[in-house]
Amino acid sequence: MYHDPQLAAEAKADPRPRSAVSTGVGMAGLAGMALWTAIATLYRLDGPYSALVNVVACAVPMVLWSLLVDKVHRNPSTGIDWSSKRTLKDTLDVSVTKLTGLWLTWGGIALIYATFPFWWSGRYANFAWSIWCIEMAAPALFLLSIPYVLWLDRKLVQPRDGAWHLGAWLMGLKEPIDHGAIHNHLRSWAVKGFFLAFMLSIVPPNFADFVGWNFDRMFESPAVIANYCIAFMFVIDVAFATAGYILTMRPLDSHIRTATPLAAGWTAALICYPPFVLMNEGGVLDYHQGSADWTWWFAGHPWILGGLGAVLVVLTGIYAWATIAFGLRFSNLTHRGILTHGPYAWSRHPAYLSKNLFWWLSGLPFLATTGWAEGLRNAAIMAVVSGIYYWRARTEEEHLGSDPAYQEYSAWMQRNAPVPRFFAWVGGKLRAA
């Protein structure tokens, strides 16, 4: 392997900031889910319960690695002082108030689930599975929250968090109320309530499509092999993301520090997900009118199919790698620690970049079976979609920008990372032209 002494010296002089998540966490989760996926494929275990086991098989190794190897529970960012000698009597009132706020938050989420028909029927009927899963877990979560909060409050440096302030406000306690903490608490649970339901709804069909793959036709075309690999990348993405939304816990240092208060951030994110999604078939930003994907346009050209298929597999691999890098901490619209490793050492937004390149190359929106005019229209709409993801990226940077750790990471990326440096170079050339 070629070794450039100058590059090595520059890297040593300007080291990459430490990542909040180690590489080992994601690799442990990937090994666990790969093992279960292989078993499920061998025995054709393609049902919804098998899909949930896949999430567990991903999550458990990550939890064990985090606690036993990385010892994340010792991180100062957890806000936990394990040497604290407080007794249950010392923190009981605080815990009761916090549980009041927490349970009322859960009750509000349950009311929203029960009220809006979107969660139960129509084109998003898979959400009914999500709600069923949450219903089944709710009694256990309710009961386990009592000993968990009673135990953790004795160790927290500051047990009066957003849930406590909400409970104190609702109970009318004569205590100073931090309304900012309440708002952050509610935003955090809004993120979790919305996106966890979405992730659970796509876990079973996503897993079933991959596990139930028809291997008899595997080698009919390079496109079939590519699509199989792509399907596995999405199984990885969904499993890691679902585990991340579930495991927001301080002892794992995976709790939500802040949920973005920016209306632009919420808007840019929500229009990419049902029921607000604008990119679906028939939606305002549907760029598929009269279109056909890459397998149609290049059918009968195996070399092109093979080459383009390999590029698409690499792009989805980067997308999955970006999710793996989060370990236990995947989440939209929140700050759960700054990542600097994996693809995040190359780009601040590797998932958005690879996803949009994948859409352009796989959908070929500029080509349409109904004529060039439709192709131009589709390409223009796809450009708007890519612009929305750029908007999302900028709102995320604005949210995280108040953290000194992100400021340090962003500055390092601007000096060292290939993607920011490339765009800076292009911008310089355009300004000079």
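Residues numbered from 1 in each chain as written. Predicted model: local features only at pLDDT ≥ 70, side-chain atom pairs only at ≥ 80, totals over all residues. Heavy atoms only, no water.

- Looking up the protein in an unreviewed UniProt entry gives the name Protein-S-isoprenylcysteine O-methyltransferase Ste14, with the organism given as Sphingomonas leidyi.

1. Focus: the overall build of the protein
- Per the secondary structure count, the protein includes 15 helices and two strands.
- Relative to the 2.2 N^0.38 estimate, which gives 22 Å for 433 residues, the radius of gyration of the protein is 23 Å and therefore close to what a compact globule would have.
- By principal-axis analysis of the C-alpha atoms, the protein measures approximately 75 × 55 × 40 Å.
- Residues classed as buried in the protein amount to 46% of the 433 residues present.
- Within the protein, contacts between residues at least 6 apart in sequence are counted, and of these 78% link residues at least 24 apart.
- Surface summary for the protein: the accessible area is close to 22000 Å², and the carbon and sulfur share equals 68%.
- A gap of 7 Å separates the mean positions of the 31 positive and 27 negative side-chain charges of the protein. (Helix = DSSP H or I, 4+ residues; strand = E, 2+ residues; numbered from the N terminus. Rg over C-alpha atoms; globule rule 2.2 N^0.38 Å. Buried < 20%, exposed > 50% of the residue type's maximum accessible area, 1.4 Å probe, protein only. Contact = heavy atoms within 4.5 Å. Areas by Shrake-Rupley, 256 points an atom, 1.4 Å probe, with all protein chains shown as cover. Lys, Arg positive; Asp, Glu negative; His and termini not counted. Charge placed at Lys NZ, Arg CZ, Asp CG, Glu CD.)

2. Points about the packing of aromatic side chains
- For the coordinates displayed, the defined rule picks out 28 aromatic pairs.
- Taken together, a centroid distance of 6.5 Å and an interplanar angle of 80 degrees make the contact between Phe234 and Phe358 edge-to-face. Here Phe358 lies in helix α12 (residues 350-363) and Phe234 lies in helix α8 (residues 222-246), a separation of 124 residues in the sequence.
- A connected cluster of aromatic rings, assembled from ring pairs, spans Phe127, Phe194, Phe195, Phe198, Tyr245, Tyr273, Phe276, Phe326, Phe330 and Tyr344. (Phe/Tyr/Trp six-rings, centres within 6.5 Å; stacked < 30°, edge-to-face > 60°.)

3. Brief notes about the environment of Gly375
- Positionally, Gly375 belongs in helix α13 (residues 372-400).
- On the basis of relative accessibility, which here comes to 0%, the residue Gly375 falls in the buried class.
- The spacing of Gly375 and Leu364 is 11 residues in sequence and 8.7 Å in space, taken between C-alpha atoms.
- Among all residues touching Gly375, those that are not within four sequence positions of it are Pro365, Phe366, Leu367 and Ala368.

4. Examining helix α7 (residues 179-211)
- End to end, α7 covers 48 Å across 33 residues, agreeing with the expected 48 Å (1.5 Å per residue, within 8%).
- Where α7 bends most, the angle comes to about 30 degrees, and this point is Val203, followed within four residues by the proline Pro204.
- The N-capping residue of α7, defined by a side-chain oxygen 3.0 Å from the backbone nitrogen of Gly180, is Asp178. (Expected span 1.5 Å × (residues − 1). Bend = angle between axes of the 7 residues up to and from the residue. Polar contact = N/O pair within 3.5 Å; in protein donor to acceptor, adjacent residues only side chain to side chain.)

5. A closer look at the UniProt feature "transmembrane region" (unreviewed entry) in the protein
- UniProt annotation of "transmembrane region" (unreviewed entry) refers to residues 20-43, 49-68, 102-121, 127-151, 193-213, 225-247, 259-278 and 303-328 when read in the numbering used here.
- As annotated, residues 20-43 comprises 88% helix and 0% strand, and the C-alpha atoms at either end are separated by 38 Å. (UniProt positions renumbered as here; feature names shortened; annotations may be inferred.)

6. Quick word on the nonpolar core
- Ranked by size, the top nonpolar core spans 94 residues in total, and within it Trp119, Phe195, Met279 and Trp294 carry the most contacts.
- Considering every element that reaches this core, the biggest residue donor is α8, with 14 residues.
- Excluding anything up to four places from it in sequence, Trp294 contacts Ala223, Ala226, Asn227, Leu305, Leu308, Gly309, Leu312, Leu361, Ser362 and Leu364. (Core = buried A, V, L, I, M, F, W, Y, C linked by side-chain atoms within 4.5 Å.)

7. Observations regarding the packing of helix α11 (residues 302-326) against α12
- Taken N-terminus to C-terminus, the directions of α11 and α12 make an angle of 155 degrees; their axes are 8 Å apart at the nearest point. Considering their axes alone, α11 and α12 lie roughly antiparallel with respect to each other. The way α11 lies across α12 gives a crossing that is left-handed. Counting all contacts with α11, which are made through Leu308, Val311, Leu312, Leu315, Thr316, Ile318, Tyr319 and Ala322, the residues of α12 involved are Pro350, Ala351, Ser354, Lys355, Leu357, Phe358, Leu361 and Ser362.
- When grouped by side-chain class, the residues that make up the contact of α11 with α12 number 12 nonpolar, three polar and one charged. (Axes fitted to C-alpha atoms, helices over the stretch in contact; angles between N-to-C directions. Parallel < 35°, antiparallel > 145°, perpendicular 65-115°, else oblique. Left-handed = near helix turned anticlockwise from the far one by under 90°. Nonpolar A, V, L, I, M, F, W, Y, C, P; charged D, E, K, R; others polar.)

8. Notes on the side chain of Ser84
- Position of Ser84 relative to the elements: it lies in the loop between α3 (48-69) and α4 (88-115).
- Here Arg154 takes part through its backbone oxygen, which lies 2.9 Å from a polar atom of the side chain of Ser84.
- Residue contacts for Ser84: discarding those within four places in its chain leaves Arg154 and Lys155.

9. Observations regarding unusual backbone geometry
- Of the consecutive residues Pro274 and Pro275, the connecting peptide bond is found in the cis state with omega at 5 degrees.
- Note that Pro275 resides in the loop between α9 (263-270) and α10 (294-297).
- In the Ramachandran plot, Arg44 falls in the positive-phi region, its phi being about 55 degrees despite a non-glycine side chain.

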